[in-house]
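Geometric and topological summary
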Amino acid sequence: MILYIAWLLIFSSVFLSVFYLSIYSGVKDRREEQIPEFENPPSVTILMPAYNEEDVVEEALDSVRDLEYPNFKVNFINDASTDSTLEKAQKYSSEKINILEHEVNKGKAAAINTGLEATEDDYIVVQDADSKIELELLYKAMGKMEEDRGLGGVIASIKPLSAENFIRKIQTVEYQLTNFYRMLMTEMNTLNVTPGAFSIYRTQDVKDVGGFDEGNITEDMEMAFRLRKSGKNFEMIYSSSSYTEFPSTVKALYNQRVRWARGFIYNAIKYREMFLNPKYGYFGTVQLPMLVIMPALILTSFLMVFTGIMQSLYSYFITWSAVGFQLPELGLDNLYFSLISMNWKVYVPLILSLVIVAFIIKTAYRYAGEKPENIGALMFYFFAYFLLQSGFWVAAVLKEVTRSKKVWT
Amino acid sequence: MDVVKESMLKASAFTLVMVLLGVLIGLQMDSVRQDHLSNDLRTSNLQTETFVALQNYIEDSENYCELMETRIPEISQRSAEFGGELRALEGQSLGDDSEYEYIRNRYYNNQLQLYSTVNQYKDKCGVNQTTLLYFFDDSVDSQRQGEVLNEIVRNRDVHVFSFNSELNQNPEARNSSVVEVLKRDHNITDAPTLIVNDEEKIEGYTPTGVLENEVFP
């Protein structure tokens, strides 16, 4: 039984890896994109919701204040922060930067909606208060939206504002791959999320679908699903980035990822009729099933590793309970015997699938024109990050089952 | 054909090749393991046959006891090691188990032959050497008993001959008549069970200390 589960896991992983590599082989180069010029630049409002962001809010407001875009304003929405976020933001209050306030904390989606109601501009950009964007990104995103009226939104590749600790370095590796996959998803027209770090929408499109879902803890994913349902597509700008603050502790990462996972579960159930539905193209028939398969693979991997460790411990316990502590026997004969007694029918496909995944990571870095900065973080991501991810998914499922309170963290 | 459909086909084809490769490697490794066991069994059988032939030839010689004393531990140890390897490798089988069944039955024949020879040597030379017939199954108690016996073999002058008593409960398995006869003769109904010096029967898991007190009072 274990053998068949292991094979299912390995071959699913091989299938997905080869599938994405094949998509990559036919992808158009998105690393060099022209910055468009506008005779009459469309108007845009940057919506910046904030809750207890005192450490980063000034940097974020500095970055938008200095944008040399001729026709924009910022709606900064303080969602009843309990720290000095509002005081710091108020120093930036100007003709361009409006500071809006919630008396009580209503959540991120409600904060974005407050900013949305206060604008009549052509476009809105949702940008978290812990993120920074580049001017050329705004131009490029606007150019794509103007060029293709069928687009519901444009997102950007995401990079860390700073990656000085190990947890952030691991996420830097993860985002390198995420950006790569999102670039491939753009090619397939299956992008499924419009991240809070930077997403641009037509104001009217968002108003037409009723604004952001205030009961949703992943309102960015929900908006993407809703716009997809209304027939809109999404694109990603790979050549310019938004910079965002990654969680710096395991606890913060846990909170963020469990929120994302719970948000996905909620949205998957809410939009279940889109799954495998050809009406929504490859988004319905390929992307949504993959979004379910991926965590299932991660959880199965975790269970396999857990089972393996438990079996080894159990076997050791049996030996220990019978004759106490024993050192393994060494020597060439034992090495040969160990080699032939290994479960090669699992190890060979497993090693090959790891090689393919390693090749994808290498390809993602090469495409970005970068090199891994921290080998330790890369190794951790490659060999052990799935254990963390599966922990996040288990926690998310348990919290959904027990209907634990959802919070914006 | 669009890029997604084409990629699906490529990924399916590649994955199918990988599945076939995995199965082929699994079968090839089965073959390597069976060859390893067959070679070891051949060596072990040859040693036992040589030993028995010599025993028959020098039965009345005054050198009989001296020769047996030097050869028995060596052959017995090799045979025990082979039993461990067989147990470890047959669980990895991917395809047809008949080759393993054949090896296992040959091994049990070898064990019985050796057991008879050791008993004969004990009678003839008046040696107070302990022999244990060990009947095991897949239970935790059998696994623990196996560890206890390994420990005892390392520290004491004792010969252990092990037999999987569970095999014959599987109607599809090719039964070893050796195990059948031994089980019937010693009325083996449970595992682990030990038969000490062809006389005393110890049923159930027996820890090292208790077993040593029973076998080497």
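Just so we're clear, the structure is a prediction, and the values are computed from it rather than from any experiment.

1. Remarks on the overall build of chain A
Scanning chain A for helices and strands turns up 14 helices and eight strands. Against the compact-globule benchmark of 22 Å for 409 residues, chain A has a radius of gyration of 24 Å, which places it among compact chains. Across its three principal axes, chain A shows a C-alpha extent of roughly 80 × 45 × 40 Å. For chain A, buried positions account for 38% of its 409 residues.

2. Considering the interface of chain A and chain B
Counting from both sides, the interface comprises 27 residues of chain A and, opposite them, 31 residues of chain B. Secondary-structure elements contributing two or more residues to the side of chain A that touches chain B are α1 (2-25), α6 (166-188), α10 (281-323), α11 (332-341) and α12 (344-368) of chain A. When residues of the side of chain A that touches chain B are assigned to their parent elements, the largest contribution, eight residues, is made by α1 of chain A. Tallied by class, the residues present in the side of chain A that touches chain B amount to 19 nonpolar, six polar and two charged.

3. Considerations on the sheet that holds strand β5 (residues 131-133) of chain A
Residues and elements named next belong to chain A. One open sheet holds the eight strands; their spatial order is β3-β2-β1-β4-β7-β6-β8-β5, and the pairing between them is mixed. Taken across any chain shown, the strands that pair with only one partner, and hence form the sheet edges, are β3 (97-101) and β5. Taking the axes of each pair of neighbouring strands and ignoring which way they run, one obtains an average angle of 30° across the sheet. Against the sheet, helix α2 (residues 57-65) makes contact with β1 (44-50), β2 (72-78), β3 and β5, and its axis sits at roughly 15° relative to β5, the strand it touches most. Those strands touched by helix α5 (residues 135-147) are β1, β4 (123-126), β5, β6 (151-160), β7 (199-202) and β8 (233-244), and its axis lies near 175° from that of β8.

4. Points about unusual backbone geometry
Residues and elements named next belong to chain B. A191 connects to P192 through a cis peptide bond whose omega is 0°. Note that P192 resides in the loop between α5 (177-185) and β3 (193-196). Despite not being glycine, N197 shows a phi value in the positive range, around 50°. For N197, the position within the fold is in the loop between β3 and β4 (200-203). In this model, D198 sits at a positive phi of 65°, which is unusual for a non-glycine residue. Among the structural elements, D198 can be located in the loop between β3 and β4.

5. Looking at the confidence of the model for chain B
Within chain B, residue pLDDT values average 84, and 93% of them lie at 70 or more. Mean pLDDT values over the elements of chain B span from 81, in helix α2 (residues 64-90) of chain B, up to 93, in β3 of chain B.

6. Brief notes about the domain arrangement of chain B
Residue and element names in this part refer to chain B. Here chain B is described as being made up of domain 1 (1-124) and domain 2 (128-217). Its C-alpha centre places domain 1 at a distance of 20 Å from the equivalent point of domain 2. With 15 residues of domain 1 at the interface, the matching set in domain 2 holds 14 residues. Elements represented by at least two residues in the side of domain 1 that touches domain 2 include exactly α2 and α3 (98-125). Considering every element that reaches the side of domain 1 that touches domain 2, the biggest residue donor is α3, with 12 residues. Its residues assigned to classes, the side of domain 1 that touches domain 2 shows six nonpolar, six polar and three charged.

7. Brief notes about the pairing of β2 of chain A
Residues and elements named next belong to chain A. Among the seven residues of β2, six are classified as buried, and the element is accordingly described as predominantly covered. Bridge count between β2 and β3: five bridges; the pairing is parallel. From the neighbouring strand, V74 faces β3, where its bridge partner is I97. Handedness of the crossover joining β2 and β3 through helix α3 (residues 85-90): right-handed.

8. Quick notes on the packing of helix α1 (residues 3-57) of chain B against α3 of chain B
Residues and elements named next belong to chain B. Between α1 and α3, the least distance of the axes is 10 Å, while the angle of their chain directions is 25°. Here α1 is positioned roughly parallel relative to α3, judged by the angle of their axes. Seen along the crossing, α1 lies across α3 with a hand that is left-handed. Residues Q34, L37, S38, L41, S44, N45, T48, F51, V52 and Q55 of α1 lie in contact with α3, whose contacting residues are E99, I103, R106, Y107, N110, Q113, L114 and T117. When its residues are assigned to classes, the contact of α1 with α3 shows seven nonpolar, nine polar and two charged.

Cut-offs and rules
Residues numbered from 1 in each chain as written. Chains lettered and ligands numbered in written order. Predicted model: local features only at pLDDT ≥ 70, side-chain atom pairs only at ≥ 80, totals over all residues. Helix = DSSP H or I, 4+ residues; strand = E, 2+ residues; numbered from the N terminus. Rg over C-alpha atoms; globule rule 2.2 N^0.38 Å. Buried ≥ 20, exposed ≤ 12 C-beta atoms within 10 Å, placed from the backbone. Contact = placed C-beta atoms within 7 Å. Nonpolar A, V, L, I, M, F, W, Y, C, P; charged D, E, K, R; others polar. Pairing = 2+ DSSP bridges. Axes fitted to C-alpha atoms, helices over the stretch in contact; angles between N-to-C directions. pLDDT = per-residue confidence, 0-100. Domains from an automatic or database assignment. Right-handed = clockwise from strand over helix to strand, strands pointing away. Parallel < 35°, antiparallel > 145°, perpendicular 65-115°, else oblique. Left-handed = near helix turned anticlockwise from the far one by under 90°.

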